[in-house]
Amino acid sequence: MKSLIQLTVNGRLVEAAVEPNRTLLQFLREDLELTGSKHGCGLGDCGACTVILDGKPVNSCLVLAVQANGREVLTIEGLAENGKLHPIQQAFVDKGAIQCGFCTPGMILSAKALLDANPRPTEQEIRLAISGNLCRCTGYQKIVEAIGEAAKTIQGMEVS
Amino acid sequence: MTQFQVLNTRAPRLDAPAKATGQAKYADDLAMPGMLWGAILHSPYAHAKILHIDTSKALKLPGVKAVVTAKEAGLVKYGVSPARYDETLFAYEKVRYVGDEIAAVAAVDQATAQEAVDLIKVDYEELPAVFDMFEAMKEGAPQIHDEFPGNLNAEVHQEFGDVDAAMAGADLVISHTFLNKRQDAAFIEPHACMAVFDSDGRLTVHSSTQVPHYAQRTIAMVLQMPIGKVRVVKPYVGGGFGPKAEATPLEMSAALLSRLSGKPVKMTYTREEVFLHSRARHQFYAEMSLGVKKDGTMLGLKNKAVLDGGAYTSFGIATVYYSGSLLGGPYKLQGMKYDGYRVYTNKPACGAQRGHGGVVHRAAFEQLLDMTAEKLGMDPIEMRLKNIMKRGDTTVNELDMSSLGMEECIQAVREASKWDEKKGRLPKGKGIGAACGFFVSGAGYPIYRSDTYHSTVVIKVSEDGGIATVLTGSAEIGQGSDTMVAMFAAETLGITLDNVRVVSGDTDLSVDLGAYSSRQTLMTGHATKEAAEQVREQIAQVLAEDLGCEASSITFRDGIVLFDGGPGNFEKIRTMYIKEHRGWTDPPHGEYLTFREAARLAYLKKGTLVGTGKYKPPKLGGSYKGAAVGTSPAYGCSAQVAEVSVDMETGEVTVDRMYDAHDCGLAVNRTQVEGQMQGSLSMGLGETLFEEVKFDSRGRILNASLGEYRIPTALDMPNVDTVIVESNEPKGPYGAKEVGEGAIMPTIPAILNAIYDATGIRVNELPSSSERLYMKLKSKE
Amino acid sequence: MLLPRFEYHEPSTLEEALHLMSELGGNARVLAGGTDLLVRMKLKIDKPTHVISLARVPGMDEIIPRNGHAVSIGSAVTAATLAGHELMRDRFAPLALAASRLGAPMIRNLATIGGNLVNARPAADLPPPCMVLNAELKLKSAAGERQVSVNEFFLGPGETVIEPHELLLSVHVETPPPWSGGSYIKLGARKTLEISMVNVATLLTLESPDGPIVDVRIALGAVAPTPVRAYGAEQLLIGEQPSEELFQRAGEVGVGLCSPITDHRGTMEYRCMMIEVLTKRALRSALEQARSWKP
């Protein structure tokens, strides 16, 4: 039987009736057509489905949509403002941190969660923060560089 | 190299913003009204006769719109090489591996489709199965394909030069064996596709594929449709690495179900199904002997390969040839003998994966080189330097090194890693190792016998002259080919990159063999250059006629046109352009004529401004059997050094740092080249330390998940010092050749050689798991 | 990957939750973090007809210090919270360390201590540290309440003494005495996202910084059907001056107390060797922590 849920997705209040066995990932991708969060494995092994739930990055394939009731979700689509890329997105573009792009939304959101909590991370802290996001294309190096770059940009913005 | 305006820069990828914002649509992101979901029934047995298939219950389930088996699909044989079309879409008579496709269902949603699959009742008669390639070759082993007795799928015997004489003249002959395990490409995006027929009976398959062209041909052949009625479109693809370089049962099932149901059909593989489908790296057994003079000169190589091919051929013919041909370089040999065997087993079929058949035998050979150097008391890098080929050399198996920056690569990593300071001086448990490799820049011949161009490209300029659109069937799968194509077009046309658009990966656009064998930079690059030159020449011709000058005096650069290097007199062209664009707020200005205005004039005089380009390699290779495989217009090469720390009490290996120098001829986009190098190394590291597909005694995969099939995480992969070497390949567009696959060649042996340096243990079986290394350390005590 | 259908319950009080559990019994599963349950359901290993979520039950996700000597950890406290909690890291290091090594960052944001204990996977990260801390588990049902030592909690893979109508409410741990130190070591293939091949937790208490060992607890995971307290190895150490040789012998004894299996992650032989090595290292690390204990 469907439950009525109400949640904030990318700053907007959303109301829907969902079956309990629907994951948050399915709800975002299919019901809300926010296809930026990806299905890579369905078991929490790859991180392609990462979204930020009440400020914390989680595998949305392991969260039921009904569990997100009353909570705040940030997906990759919610990052850019008025068409302007978020500094993390811009850094990924500038530093060549994107190849096939499938891990990218998850990586960027894990990076956002990191930088929100720790604005000046060391390289090791960056690697730890994205350790649950698998990438097969880049070898992670340019992703780590991009996140470091974004940290500097955000710090610079905050100062000014 | 500052001679280029666009090439050789760090231009950001064209598709990066779409990917960074989640706007990029991959196959599973697509949806159409009325779309159905498909699911496949896989065999639970490794080898069994199919006695009866009962789909009646499945058909009756509410929401099911179509169920298909071999009955509806027909029995058209397909595969990758026409010489080995050994599969049908659905199994009939028997199944040959756990995962073999038997039927497919289309239903209103995914859950119903899966429920229906579970309702299909199949009566099997289990047959004895064989899982080990050596067992499979033995007398009395279960026969997997009637046409291939002894389960021998392919056999290769080649000899170049006089190997026996070479060995006889050797001061030292060292022999060695090596074994890896079956791999999985582990791209993060599982296969996905959507098939739809339009009202004219024309099929479009949107698919996560590396090869729209090959997929189109196979789908048309198997569905018994004319090629012109089949279109394959590649949306964004989340990685391919080889297994997506052939048509899949997913695509063909979806097409068939769509035809029957009259609705679009979406199908995806679960991660487990990706493992069941495989078409990834084979298991290889290598047996080699190298004969050398005591001064380190290499004389002869004897090389044997036995490949576990799984239940079908896939790319396997090329694979078993590559295991031999790719050892012909980059060292000079007087003689080389190769015997290769590809064997059927009751496991998922193996195919091409980054570096193809070359990777494991390269690893074995580079390890053998280190063993030889040690016996001779030579530094391993010195030994390699002594034997490397140079530009212009030809390998013993007739492959032409028209450019080969092998020496530069070796010196670069030797310096960057401070090899001379470290080698032999590191404490126990720390090691440094080196290796080299080389790879084709595109296979010399297409997969099917044909005179076809390997790449064709169309460039169309917008009628206001402002934007050049490149139309290409080539496949952007993450490696950056769209950006590469745009950069070649921009450079050649003499315009800026932001005025180039690329539309790609659609068989409606042009013929391109796709992203495999590291071919697109060289081949699609050539075709793009030619198309752009055609456009430029047409514009130059029009300008020459209109302004009364020589076409040869006209050059294009940075979006402007120069006449004998100067501005020329073009007032009337500008006046006309501005008049035609009254109301526009960005009129052309400045002291030079712009490309925009020139191209507009060309349109006015000639109509739509279109350029076409095409590329096909010249006839390559020797006249011996199998000569085709390994041929290529050019070869990329690389050298790597790895530094490791080994926990001597547990056997755990940490790769601390890697150094990679790759000769790509000319780096079209420096950032992208580095990215390909770093990515290749991370796959190589995974294959060395963690990766292995494991089976139980009944042929079922034990670790069909990304949790248990372990690819490196950000905590496992070190930083790589990358060095780009540019040898300026004469056969490549602007001197460019490959990087996408060649970069992985030295990785496994560099790490293994470093492990030896740290521990005194030669690990000649992959993966070098902590347990494997630990047991070897213990037995040495 | 799809989840099978089930009926979903989201009780808003503990009483409601317990009432549902008595009613539904074995047909229901409790959903806390979901990182284990939902995976098992997707793999069709578990097919509960009812799922009871603890999301709205108040008070389950708090860490409450109790009169300076103990801490009460709500069963819905996540691994991430445990790993980052100052008090946990300071006084209950094995547990904080183990929590920091569980899965990967995103998993840690969901996975709970209650789930990790009740699911009772032989290779789970949190049981061994709970065991060396002699944690007391508060089990509650509609009928009443009971306390069980974590050292008596595990019965077999996936099996504990918890009844179908019971809920693990909280985990109580006593602050270790002065000059105590603990550690947690996990052996896997990669540096993260791993299910342990072998894991070890220890807690060691000295009489004084240079003094002998007055108490030591060693627990091993992934080397038997349940996590194992290596009492025999502990006996060897108590009252003795710490030394390399002593720790080495403790490791050897530890091996004898385990019954690891050969599976696709590793062989029995290797696991046995690693029990020895990791036990020794864990004790060494705990000793270091104990010697640098600060009030």
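### Section: the domain arrangement of chain A
All names here are of chain A. What the domain assignment reports for chain A is domain 1 (3–78) and domain 2 (87–159). Put simply, the parts of the chain that give the side of domain 1 that touches domain 2 at least two residues each are strand 3 (50–53) and strand 4 (56–59). Top contributing element to the side of domain 1 that touches domain 2 by residue count: strand 3, with three residues. Its residues placed into classes, the side of domain 1 that touches domain 2 shows eight nonpolar, five polar and two charged.

### Considerations on the interface of chain B and chain A
Of the residues lining the interface, 45 residues belong to chain B; the matching set on chain A comes to 42 residues. Secondary structure elements with two or more residues in the side of chain B that touches chain A: helix 1 (16–20), helix 19 (670–689) and strand 26 (719–725) of chain B. Broken down by element, the residue count for the side of chain B that touches chain A peaks at eight residues, all from helix 19 of chain B. Per-class residue counts for the side of chain B that touches chain A are 20 nonpolar, 18 polar and seven charged.

### Observations regarding the confidence of the model for chain C
Averaged over all residues, the pLDDT of chain C equals 95, while 100% of them reach at least 70. The complex prediction reports pTM at 0.97, with the ipTM value standing at 0.98.

### Thoughts on helix 1 (residues 14–24) of chain C
All names here are of chain C. Along helix 1, the residues that are buried comprise Ala17, Leu18, Leu20 and Met21. Viewed along the axis of helix 1, the buried residues span an arc of 160°, placing them on a single side of the element. Among the structural elements, strand 1 (7–9), strand 2 (28–31), strand 3 (50–53), strand 6 (136–140) and strand 10 (167–174) are those in contact with the buried residues of helix 1. A positive backbone phi angle near 50° is found at Gly25, which sits one or two residues after helix 1.

### With respect to the interface of chain C and chain A
The interface of chain C with chain A comprises 22 residues on the first partner and 22 residues on the second. Listed by contribution, the elements that provide at least two residues to the side of chain C that touches chain A are helix 2 (37–42), strand 3 and helix 6 (105–108) of chain C. Partitioning the side of chain C that touches chain A into residue classes produces 15 nonpolar, five polar and two charged.

### A look at the environment of Ile107 of chain C
For Ile107 of chain C, the position within the fold is in helix 6. Classification of Ile107 of chain C as buried rests on a count of 24 C-beta atoms within 10 Å. Sequence separation between Ile107 of chain C and Ala282 of chain C is 175 residues, and the spatial gap between their C-alpha atoms is 25 Å. In this structure, Ile107 of chain C is in contact with Gly44, Asn59 and Gly132 of chain A together with Thr35 and Leu102 of chain C, ignoring residues within four places of it in sequence.

### Quick notes on the nonpolar core
Grouped together as the largest cluster of nonpolar side chains are 426 residues, with contacts concentrated most on Val105, Ile219, Ala489 and Ile755 of chain B. It is helix 11 (residues 268–291) of chain C that provides the largest number of residues to this core, a total of eleven residues. Setting aside anything within four residues of it in sequence, one finds Ile755 of chain B in contact with Gly431, Val644, Val646, Val653, Ile761, Val763, Ser768 and Leu773 of chain B.

### A few points about the packing of helix 7 (residues 212–222) of chain B against helix 8 (residues 249–261) of chain B
Residues and elements named next belong to chain B. As a packed pair, helix 7 and helix 8 sit with axes 10 Å apart at the nearest point and diverge in direction by 50°. When the axis of helix 7 is compared with that of helix 8, the two are oblique. Between helix 7 and helix 8 lies a crossing of right-handed hand. Contacts from Ala215, Ile219 and Val222 of helix 7 reach helix 8 at Glu251, Met252 and Ala255.

Thresholds applied
Residues numbered from 1 in each chain as written. Chains lettered and ligands numbered in written order. Predicted model: local features only at pLDDT ≥ 70, side-chain atom pairs only at ≥ 80, totals over all residues. Domains from an automatic or database assignment. Helix = DSSP H or I, 4+ residues; strand = E, 2+ residues; numbered from the N terminus. Nonpolar A, V, L, I, M, F, W, Y, C, P; charged D, E, K, R; others polar. Contact = placed C-beta atoms within 7 Å. pLDDT = per-residue confidence, 0-100. Buried ≥ 20, exposed ≤ 12 C-beta atoms within 10 Å, placed from the backbone. Arc of directions from axis to C-beta. Core = buried A, V, L, I, M, F, W, Y, C linked by C-beta atoms within 7 Å. Axes fitted to C-alpha atoms, helices over the stretch in contact; angles between N-to-C directions. Parallel < 35°, antiparallel > 145°, perpendicular 65-115°, else oblique. Left-handed = near helix turned anticlockwise from the far one by under 90°.

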